[in-house]
Every structure is written in C-alpha cells, then in structure tokens.
Amino acid sequence: MQNTSVLMSSPEYFRIEYSINPWMIEGVEINLELAKDQWGGLKSTIEKCGAEVNVIPGNTVYPDLVFTANSGIIKDKSVLISNFKYQERQGEEVIYENWFRKNGYDVARIPSEHKFEGRGDAFVYGEYLIGSYGIRSDKEALLFIADHFQLIPKIAKLVDEKFYHLDTCFQQLPTKNNDAIFYPPAFEDQSLSEFSDLFNLIPIHEDDANQLACNAVVINESVIFPSENIEIIETVAQLGCNIEISNVSEFMKSGGACQCLVITLQ
Ligand code: ARG
C-alpha cells in the first residue's frame, strides 16, 4: 500500500549558473541528459519503495528549484514556506507557495528577516522540531517554526560551509532503535548532544560525508543512497534497512544529492 507521498521538481532547467556553496563551481557544465536520467532513476526508485511522487514543473529562471527539499517545512496539511538566504533562489518561494496553496495546504510565512531553507535544515519528528542553523537558516526562524507548529525545538549549530544544510550531514534511519547517521565535524558540538536523547547517533567518516552519504532518502524501510561506494551502507543494511542506490552525480556538482531533490508530503 502506498502511504507515503513526496514532491519533486522536474530537472529540465537544472544548471550551475552561480555559486552559493563550495560544491558549486561556476562554469562547470552539467550533462543535462544524464541529469534528467539520474532524476528519473531516483523518482522510479522512490516509487519502487512504495511512495507516490508528485511533480512540480521546473522554471527556466531558477536552476536550483530542482532541490525541492528547500521549499519549506510541512506539518500535516500546513506548510511554512522557506525564506532563502541568497537572492538567486528567493524567486522560488512564490512558486512553491502557489503549488502548496493549489494543493490544499494551509500556507503561512516566517517573518522575512529570518532565513530558513526548509527540509534542508529542519523536519518534524513527533512532538519535536529537529533543525540546524548557522549557515543557511537562522536560529530565530527555527524558534518561530517550533512555536507556530507547537513543537519542542531540538536544534544544533552547523559550522562547516561544505555541509551547509542539516540534510547534508544528518539522516534519521527507519529503524526501531531510532538510529541516525551524522558527520560530527559539521556540527559545533561534535557529539551532537542536543539530539542524543532522541536518536542513537552513528558517526560517519569524511569520505562518506564527501559523497553526501547523509543525503539519503528514506521511504518506508528503504534508504536510498547516492552512491554504492559508501562505507556506512553496510552498517545501515545490518540494522535491517533495505538499501537502494540512486546515482545523482550531476546534482552533486550543485551540492545536492538524493534527499535535496525530495520533500515528504505525508
Ligand atoms: N545548489 C543548491 C543550493 O546551494 C543545493 C541545495 C541542496 N539542498 C539541500 N536540501 N541540501 O542552494
């Protein structure tokens, strides 16, 4: 039975036009045909794992719109739309706002002085808001969201520009033990003590972090990793998760892997 539903944004206008994170090198060419195949491969893998994929059309002006994770934060049928840090992405806000409105969501905004980049930096976990700040998102935005959705904030500070969103250095796994993988040097508090009463924290090595191992998509019991050459995969498999691989190398040139391309709707 399909009880999971996600949103992705189609990739036909994806390119590197500016650099707003250390992965993005201006002038680097994207093989668009390959990117479209990789995006299609991720979409099929997500469907195979039992989720329905909704698709928002791409937009020629916004190459990073494809990173749908950054659209906002969703709780049930309510969404708070992101306030992108960089002007290059700010035009995406109204595109997402319109999509959510059209699809029956109660849409609200965070005060514009507080920057926030959606599932990139936060997600709802039971009665908690799990979030990070310090590079793209502001602490004030997370506190606003927690208050708005009546959640307990559990937030950590990011300190490495290469791991600029929470979803680049932390991922919760679909295990009974509440396991989660994380890259300690990405956090100011490398022991991530703020999250340690909620998750069984499993550190990953630098090589895995550089392949964006934490940017895996979780669908039901499956974990979709962006490469098969990731050491932590063996541990995750031993924990009982079904492992899938979806190579998204073209998107990694922009600093995003599997999770960045997806937001869970329910
Ligand atoms: N090029 C995009 C940016 O820098 C990548 C976003 C990746 N998204 C994510 N959820 N980590 O904004």
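Above this note sits the structure.
Described below are features of the structure shown in this document.

**Remarks on the nonpolar core**
Grouped together as the largest cluster of nonpolar side chains are 67 residues, with contacts concentrated most on Ile46, Phe170, Phe187, Phe199 and Leu261. For this core, the element with the most residues is helix H1 (residues 32-48), which contributes 4 residues. Setting aside its immediate chain neighbours within four residues, Phe187 contacts Ala156, Lys157, Leu158, Val159, Leu166, Cys169, Phe170, Phe182 and Leu192. Counting 15 residues, the second largest nonpolar core, distinct from the first, contains Val79, Ile95, Trp99 and Phe100.

**Here's the deal with the state of the cysteines**
Applying the stated rule across the entire model yields 0 disulfides. With no disulfide partner, Cys241 has as its closest neighbouring cysteine sulfur the one in Cys49, 11 Å distant. In this model Cys258 remains outside any disulfide bridge; the closest cysteine sulfur is found in Cys260, 8.8 Å from its own.

**Observations regarding the site of the ligand**
Not every one of the 16 residues close to the ligand is listed here, only the nearest: Asn21, Arg89, Arg136, His165 and Asp167. Asn21 is positioned with one of its side-chain polar atoms (N or O) 2.7 Å from an oxygen atom of the ligand. For the ligand, whose free accessible area comes to 350 Å², the fraction covered by protein is 100%. Residue classes in the shell around the ligand are distributed as 6 nonpolar, 6 polar and 4 charged.

**Some points on the environment of Gln87**
With respect to the element layout, Gln87 can be found in helix H2 (residues 87-90). Judged by its relative accessible area of 59%, Gln87 falls in the exposed class. Sequence-wise, Gln87 and Glu52 are 35 residues apart; in three dimensions their C-alpha atoms are separated by 32 Å.

**So, a negative patch on the surface**
A cluster of acidic residues, Glu206, Asp207, Glu231 and Glu234, forms a negative patch on the protein surface. Looking at the element boundaries, Glu231 is found in the loop between strand E13 (222-225) and helix H6 (232-238).

**Side note on the pattern of salt bridges**
Where charged atoms of side chains with opposite charge meet at close range, the side chains can pair. Counting across every chain of the model gives 12 salt bridges. Here Glu17 makes a salt bridge to Arg15, at a shortest N to O gap of 2.8 Å. Look at Glu17 and you get partly exposed, because its relative accessible area is 43%. A salt bridge links Glu244 to Lys48; the nearest nitrogen and oxygen atoms lie 3.0 Å apart. Residue Glu244 is found in strand E14 (residues 242-245), and its partner Lys48 is found in helix H1; the two are separated by 196 residues along the sequence.

**Topic: the sheet that holds strand E11 (residues 200-203)**
Sheets are built from strands paired through backbone hydrogen bonds, the pairs being either parallel or antiparallel. Taken together, 3 strands build an open sheet; the order of strands is E9-E10-E11 and the sheet is mixed. Looking at which strands have only one partner, the edges of the open sheet turn out to be strand E9 (170-172) and E11. Averaged over all pairs of adjacent strands, the angle between their axes in this sheet comes to 25°, without regard to strand direction. When E9 meets strand E10 (residues 179-182), the two strands line up antiparallel, connected through 3 bridges. When the sheet's bridge partners are listed, Gln172 is paired in E10 with Ala180.

**Some remarks on the packing of aromatic side chains**
All chains considered together, the criterion is met by 13 aromatic pairs. Judged by centre distance (5.1 Å) and plane angle (90°), the ring pair of Trp99 and Phe100 falls under edge-to-face. In this pair, the class of Trp99 matches that of Phe100, namely buried. Over the aromatic face of Tyr105 sits the side chain of Lys77, whose NZ or CZ is 4.1 Å from the ring centroid. Lying across the ring of Trp23, Lys162 places its NZ or CZ 4.7 Å from the centre.

Rules used throughout
- Residues numbered from 1 in each chain as written.
- Predicted model: local features only at pLDDT ≥ 70, side-chain atom pairs only at ≥ 80, totals over all residues.
- Heavy atoms only, no water.
- Core = buried A, V, L, I, M, F, W, Y, C linked by side-chain atoms within 4.5 Å.
- Buried < 20%, exposed > 50% of the residue type's maximum accessible area, 1.4 Å probe, protein only.
- Helix = DSSP H or I, 4+ residues; strand = E, 2+ residues; numbered from the N terminus.
- Contact = heavy atoms within 4.5 Å.
- Disulfide = S-S within 2.5 Å.
- Near = heavy atom within 4 Å.
- Polar contact = N/O pair within 3.5 Å; in protein donor to acceptor, adjacent residues only side chain to side chain.
- Areas by Shrake-Rupley, 256 points an atom, 1.4 Å probe, with all protein chains shown as cover.
- Nonpolar A, V, L, I, M, F, W, Y, C, P; charged D, E, K, R; others polar.
- Patch = residues over 30% accessible without salt bridge, like charges linked within 9 Å, V, L, I, M, F, W, Y side chains within 5 Å.
- Salt bridge = Lys/Arg side-chain N within 4 Å of Asp/Glu carboxyl O.
- Lys, Arg positive; Asp, Glu negative; His and termini not counted.
- Charge placed at Lys NZ, Arg CZ, Asp CG, Glu CD.
- Pairing = 2+ DSSP bridges.
- Axes fitted to C-alpha atoms, helices over the stretch in contact; angles between N-to-C directions.
- Phe/Tyr/Trp six-rings, centres within 6.5 Å; stacked < 30°, edge-to-face > 60°.
- Lys NZ or Arg CZ within 6 Å of the ring centre and 35° of its normal.

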